[in-house]
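# An overview of the molecular structure
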Amino acid sequence: MESRIDNFLDELNEEQRKAVEATEGPVMIIAGAGSGKTRVLTYRIAYLLKQGVDPFRVLSLTFTNKAAAEMKERIIELIGGDARNLWMGTFHSVFARLLRKEAEKIGYPQNFTIYDTDDSKGLIKSITKELGLNDSTYKASTILGRISSMKNMLISAEAYVNDAQYMSDDRAARREHFAHIFLTYNKRLFKAGAMDFDDLLFQTNMLLRDHPEVLLKYQDMFRYILVDEYQDTNFSQYMILRQLAARHQNIAVVGDDAQSIYAFRGANIQNILNFQKHYPDTQVFKLEQNYRSTKTLVHAANLVISKNRDQLQKTVWTSNGEGEKIQLMRAERDTDEGRVIAQSIFNFKATKQAANSEFAILYRTNAQSRSIEEALIKLNIPYRIYGGLSFYQRKEIKDLLAYFRLAINQHDEEALRRVINYPKREIGDTTFDKMIVAAADNDISIWMVMDNIKDFNLGLSPRVTERIAEFVNMIKSFAAMASTSTAYQMGEYIYATTGLKRELEQDRTPEGVNRIENILGLFNGLKDFSEKPLDEGVIPSLSMFMEDVALLTNEDRTKEDKSKSDKVLLMTIHAAKGLEFNYVYIAGMEENLFPSQMVLNSREELEEERRLFYVAVTRAKKQLILSNAIYRFRYGSPQSNEPSRFLEEIPAECLTNVSFREEASEHVYSRTPSAFRKPAQTAIKSPPPTIVGKKLMSMNKAAQTSLPMDNSHLSGLKVGNRVEHERFGQGEVLTIEGSYPNSKATVMFGNGDKKQLLLKFAKLKIVG
DNA sequence: GGACGTTCTGTTTTT
DNA sequence: CAGAACGTCC
């Protein structure tokens, strides 16, 4: 193929070209919506490679895997296959890859598991339950949110405990046990050989901070760093970049402060607003010409965003034509809104000869998709929901993947919890809870308890004990295969051996058939992966397959069909970032929905919501259509809505009302409008939680010791010895059974607690 | 331990 | 309304 490398710079405007050619030193590119940002980024990389920079030395971070893949493809088109060697991906995927290489430096196994949000919540639920904190104050999602924001600010659990301000805040908020949950959560993650999403960035920071030789290696490796969507980076990401770029200072960030929409997950808009302070020699380029949208749309978007206070100065303009006005469609209720949108698409297709794929329907919440889908189906308009529940979040897929995870890392507690009794094998909650307690008492993973189940006296029936041993042997047999079999072989074997296959095939309902189809879809992926040519001697193993799975979304999976299929796309506005369509619908333009009622407490939150609206508006190339409904079902009952305040921010000369009288609802309301109520006020919350059940463990020890350990100093332990346990304090040995290393001791501790400890694991000292 | 029925609770966006 | 959590019975 003829290389375009020699003349591709001619395709850029003057400012774009300057931004591409400024390869040395810190660079900030402020790119307005539709200003050719991706083009600048790809050409910049192509230009670097053309100057002779080794692709291995270029690190390019994007927001989604998909964006990375597309960019790579375009660079390959420009300069050829060398580009395959670029370090390109999301923060999470690139640094997960880096952490696997360096895992042992931070005490993690190279095969560490990545916990997704469900896993993390499951672990937190387990911890709060064990602590007897099952109260609404300690909801898993709230706890995880707080842990996440701490990790994103690089505040460790240990630092948190020692911070007087946090501790008093927690007391005031009646969540005084949060710190303990935070510590326990991290400890359990570590014991399970697992990291959550935020750990991938947190641990990368720690690795680079504490290992100068590693830092130096990567500073030199990543000689040129490029960051897309910089306005959406958080503090943790900022610090990684700062460490990596410190030596060569070749960092180029691209972004648009007006499109920062991820503050809710820690993104800090100050990163882009203060970039020049962080890097004083920064060259700044502003891309202000919009190539995407009509004058009407650019003008309206500018006016909307001008209502925000926090922003960098810039003027987006376009030389495109005036274009059509923005349409506003009002519907009676949510189902009518769907109908009106579908009808409008139908009409546009007829009058403008437009294809389905030229349309996108955007909404604030995933739940809104349903009424729209139903209406599209009725009018026979093909559609695809983009995002939503990920393929990898489906139950049957998660179940199978949990077995895969166990085959790779037996300590993975959440995978174990998921499948230990699925399909049913008589190891129920009671048994599992007992094993959790035994694991906590001995400071080991649950797998270690199971693997040594005969040494623990948990009061299990011989039958259950036997079933546990069978399970352990089954998982061990998977683990033994792992190094010699391909991912596909392993997958088939696991699917059949665990009984999952039989379980699923028993269900003949349409949903059951669909589940099997999903599993087959996964196997197709496994097969492709297993047939991929690799370096000689390297088997495409299951663990290699699993390396990325936790970080993929379903969009990264669906490959060819999206270009072939001509479908209307439905997605949240967040998911639409970076995309563009000729005709864009924004549904649900209602106060309390968009802007969301969760968000009306502070100026900053409202401004983020307004930026979200700005993002939505600027996705459109030719025309924008807004809609809302007067009544919408929520919590199972209809509620009346006011039009969104954002509608008033659109200049009147850009807007036109459209009515679809022929599509008026046939529905007759069974209740008078006065029966429609605003959402009920949330009742004053329950009294502070009292702790029942197990006592809290001492807070100040969270020693993270790698397994296994040598405990031979306990081989001579005798009845009557005084011992000191790392967490339980001093106690007296009451009984000893068996001989070391399979011996166990019953110890009476000072507070009257009797614990049974396995001596090969126990964190005990003999003190008398 | 597990199946099944009843009550409670909750809805923002995602790597 | 829908899914999770809880309670009761075998």
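Residues numbered from 1 in each chain as written. Chains lettered and ligands numbered in written order. Predicted model: local features only at pLDDT ≥ 70, side-chain atom pairs only at ≥ 80, totals over all residues. Heavy atoms only, no water.

### Regarding the overall build of chain A
Threshold: Helix and strand labels come from DSSP, where a helix needs a run of H or I of at least four residues and a strand needs a run of E of at least two; each type is numbered from the N terminus. Residue exposure (1.4 Å probe, protein chains only): buried if accessible area is under 20% of the type maximum, exposed if over 50%, otherwise partly exposed. The contact definition used throughout considers only heavy atoms, calling two residues in contact when any of these lie within 4.5 Å. Under the convention used here, a 1.4 Å probe and the Shrake-Rupley method define accessible areas, while residue burial counts only the protein chains that appear.
Secondary structure assignment for chain A yields 31 helices and 21 strands. Residues classed as buried in chain A amount to 53% of the 768 residues present. At a minimum sequence separation of 6, the contacts of chain A that also span at least 24 residues come to 76%. For chain A, the exposed area adds up to about 34400 Å²; of that, 50% sits on carbon and sulfur atoms.

### What to know about the protein's contact with DNA strand B
Basically, it comes down to this: What makes a residue near a molecule or strand is one non-hydrogen atom of that residue sitting within 4 Å of it. N or O atoms closer than or at 3.5 Å make up a polar contact, with two conditions inside protein: a donor-capable atom paired with an acceptor-capable one, and, for residues adjacent in sequence, both atoms drawn from side chains.
The immediate surroundings of DNA strand B are formed by 23 residues, with Arg364, Asn421, Gly428, Thr430 and Tyr635 found nearest. When atoms of DNA strand B within 4 Å of the protein are sorted by moiety, sugar and phosphate together comprise 56%. Between a phosphate oxygen of DNA strand B and a main-chain N or O atom of glycine 428, the distance comes to 3.3 Å. In this structure, a phosphate oxygen belonging to DNA strand B sits 3.5 Å away from a side-chain N or O atom of threonine 431. Among the elements that take part in the surface near DNA strand B, helix H20 (residues 429–442) stands out by supplying three residues, more than any other.

### A few points about the packing of helix H18 (residues 395–408) against helix H23 (residues 487–497)
Rules: Helix axes are fitted to C-alpha atoms over the stretch in contact, other axes to C-alpha atoms as well, and angles between N-to-C directions run from 0 to 180 degrees. Here roughly perpendicular refers to angles of 65 to 115 degrees, roughly parallel to angles under 35, roughly antiparallel to angles over 145, and oblique to all remaining angles. In a left-handed crossing the near helix is turned counterclockwise from the far helix by less than a right angle, and in a right-handed crossing that turn is clockwise.
Contact geometry for H18 and H23: axes closest at 10 Å, N-to-C directions at 115 degrees. Considered as vectors, H18 and H23 are oriented roughly perpendicular to each other. Here the hand of the crossing between H18 and H23 comes out right-handed. Contact with H18, carried on its side by Leu400, Tyr403, Phe404 and Ala407, involves Met490, Gly491, Ile494 and Tyr495 of H23 and no other residues of that element.

### Focus: the nonpolar core
For clarity, the cut-off: The set of buried Ala, Val, Leu, Ile, Met, Phe, Trp, Tyr and Cys residues whose side-chain atoms join them within 4.5 Å is what this entry labels a nonpolar core.
Ranked by internal contacts, the top residues of the largest apolar core, which has 56 residues, are Met435 and Phe471. Ranked by the residues each element gives to this core, the list is headed by H18, at nine residues. Beyond its immediate sequence surroundings of up to four residues, methionine 435 is in contact with Ile420, Ile427, Ile446, Val449, Met450, Ile453, Leu458 and Ile468. Of all hydrophobic cores here, the second largest spans 43 residues; its members include Phe222, Val227, Tyr230 and Val253.

### Overview of the side chain of aspartate 119
Looking at the element boundaries, aspartate 119 is found in helix H5 (residues 117–130). Residues in contact with aspartate 119, not counting those within four places in the same chain, are Ile114, Lys398, Arg405 and Glu414.

### Brief notes about the pairing of strand S17 (residues 722–725)
Definition in use: For two strands to pair, DSSP has to find at least two bridges joining them.
The alternating pattern of S17 places Val723 and His725 on a buried face, while none of Arg722 and Glu724, on the opposite face, is buried. Strand direction decides the pairing type here: S17 and strand S18 (residues 729–737), joined by four bridges, are antiparallel. Within the sheet, the bridge partner assigned to valine 723 lies in S18 and is glycine 731. In terms of strand pairing, S17 meets strand S21 (residues 764–766) through three bridges, oriented antiparallel. Across the sheet, the residue bridging to glutamate 724 is lysine 765, located in S21.

### Looking at helix H10 (residues 197–210)
Helical periodicity: at 3.6 residues per turn, an α-helix aligns residues three or four positions apart in one direction. Note the threshold: Expected helix span is taken as 1.5 Å per residue step, with the number of steps being one fewer than the number of residues.
Along its 14 residues, H10 runs 21 Å from first to last C-alpha, staying within 8% of the 20 Å computed at 1.5 Å per residue. Counting buried positions along H10 gives 11 out of 14 residues, so the element sits mostly inside the fold. When we look at burial in H10, the residues that qualify are Asp198, Asp199, Leu200, Leu201, Phe202, Gln203, Thr204, Asn205, Met206, Leu207 and Leu208. Between the side-chain oxygen at the start of H10 and the backbone nitrogen of aspartate 198 there is a gap of 3.1 Å, and the oxygen is on aspartate 196.

### As for the environment of arginine 515
Position of arginine 515 relative to the elements: it lies in helix H25 (residues 510–531). With relative accessibility at 28%, the residue arginine 515 sits in the partly exposed group. Taking the C-alpha atoms as reference points, arginine 515 and glutamate 505, 10 residues apart in sequence, are found 9.3 Å from one another. Those residues within four positions of arginine 515 in sequence are excluded, and the remaining contacts are Glu396, Leu504 and Asp507.

### Details of the sheet that holds strand S1 (residues 27–31)
With parallel pairing, six strands are arranged side by side in an open sheet as S3-S2-S6-S7-S1-S8. The two strands at the open ends of the sheet, each matched to only one other strand, are strand S3 (87–90) and strand S8 (283–287). Here the strands of the sheet are splayed against their neighbours by 15 degrees on average, with no regard to which way each runs. Across three bridges, strand S6 (residues 224–227) lies against strand S7 (residues 251–255) in parallel orientation. Directly across from leucine 226, in S7, lies its bridge partner alanine 252. Here helix H1 (residues 14–21) sits on the sheet and contacts S1 and S8; the angle it forms with S8, its principal contact strand, is near 145 degrees.

### Considering H23
Note the following rule: Throughout, the arc means that of the directions going from the helix axis to the C-beta atoms.
Inspection of H23 places Ala487, Met490, Gly491, Ile494 and Tyr495 among the buried residues, and these make up the whole buried set. Taken down its axis, H23 places every buried residue within 125 degrees of arc, on the same side. For H23, the secondary structure elements touched by its buried residues are H18, helix H22 (462–481), helix H24 (500–505), H25 and helix H26 (542–549).

### A look at the confidence of the model for chain A
What counts, and what does not: A residue's pLDDT is the predictor's confidence in that residue, given on a scale from 0 to 100.
The predicted model of chain A has a mean per-residue pLDDT of 84, with 89% of residues at 70 or higher. Predicted confidence for residues 662–709 stays below pLDDT 50, and this span has 77 contacts to residues more than four positions away or in other chains.

### Examining unusual backbone geometry
Omega for the bond connecting tyrosine 422 with proline 423 falls within 30 degrees of zero, at -5 degrees, which places this linkage in the cis form. Looking at where proline 423 falls in the secondary structure, it is placed in the loop between helix H19 (413–419) and H20. Of note, the bond from phenylalanine 594 into proline 595 is cis; its omega dihedral lies within 30 degrees of zero at 10 degrees. With respect to the helices and strands, proline 595 occurs in the loop between strand S13 (581–586) and helix H30 (603–617). One non-glycine residue, asparagine 592, adopts positive backbone phi at about 80 degrees.

### Re the packing of aromatic side chains
To keep things clear, this is the line we draw: Geometry of aromatic contacts follows a simple scheme: Phe, Tyr and Trp rings, the Trp one being its six-membered ring, pair when their centres are within 6.5 Å, and the pair is stacked under 30 degrees between planes, edge-to-face over 60, tilted otherwise. As a reminder, the over-ring test applies to NZ of lysine and CZ of arginine, requiring each to be within 6 Å of the ring centre and within 35 degrees of the ring normal.
By the definition in use, this model includes 25 aromatic pairs. Between tyrosine 108 and phenylalanine 190 the ring centres are 5.1 Å apart and the planes differ by 85 degrees, which places this aromatic pair in the edge-to-face class. Taken as a pair, tyrosine 108 in the loop between helix H4 (91–102) and strand S4 (113–114) and phenylalanine 190 in helix H9 (residues 178–191) lie far apart in primary sequence, 82 residues in all. Per residue, the accessibility class of tyrosine 108 equals that of phenylalanine 190, and both read buried. Between phenylalanine 359 and tyrosine 585, the ring centres sit 6.4 Å apart and the planes meet at 35 degrees, which makes this aromatic pair tilted. A residue pair is termed long-range when its members are at least 10 positions apart, and phenylalanine 359 in strand S10 (residues 359–363) and tyrosine 585 in strand S13 qualify at 226 residues. Here phenylalanine 359 falls in the buried class, since its relative accessible area comes to 0%. By relative accessible area, which is 1% here, tyrosine 585 ends up buried. Chaining the aromatic ring pairs together yields one cluster made of Tyr160, Tyr166, Phe178 and Phe182. Residue placement shows arginine 146 over the ring face of phenylalanine 178; its charged tip is 5.3 Å from the ring centre.

### Brief notes about the packing of helix H16 (residues 334–352) against helix H17 (residues 369–378)
Going by this rule: Here the term charged refers only to Asp, Glu, Lys and Arg, the term nonpolar to Ala, Val, Leu, Ile, Met, Phe, Trp, Tyr, Cys and Pro, and the term polar to all other amino acids, Gly among them.
Between H16 and H17, whose axes approach to 8 Å, the crossing angle comes to 45 degrees. Classed by the angle they form, the pair H16 and H17 counts as oblique. Handedness of the crossing formed by H16 with H17: right-handed. Mapping the contact onto sequence places Asp334, Thr335, Gly338, Arg339, Ala342 and Ile345 in H16 and Ser371, Ile372, Ala375 and Leu376 in H17. A per-class count over the contact of H16 with H17 returns five nonpolar, three polar and two charged.

### Focus: the pairing of strand S9 (residues 326–333)
A large share of S9 lies buried, amounting to six of its eight residues. Sheet topology note: the S9/strand S16 (residues 655–658) ladder contains four bridges and is parallel. Each residue of the ladder has a partner; that of isoleucine 326, found in S16, is leucine 655. Relative to strand S14 (residues 620–634), S9 runs parallel, the two being bridged by six bridges. Paired with arginine 333 across the two strands is tyrosine 631, which belongs to S14.

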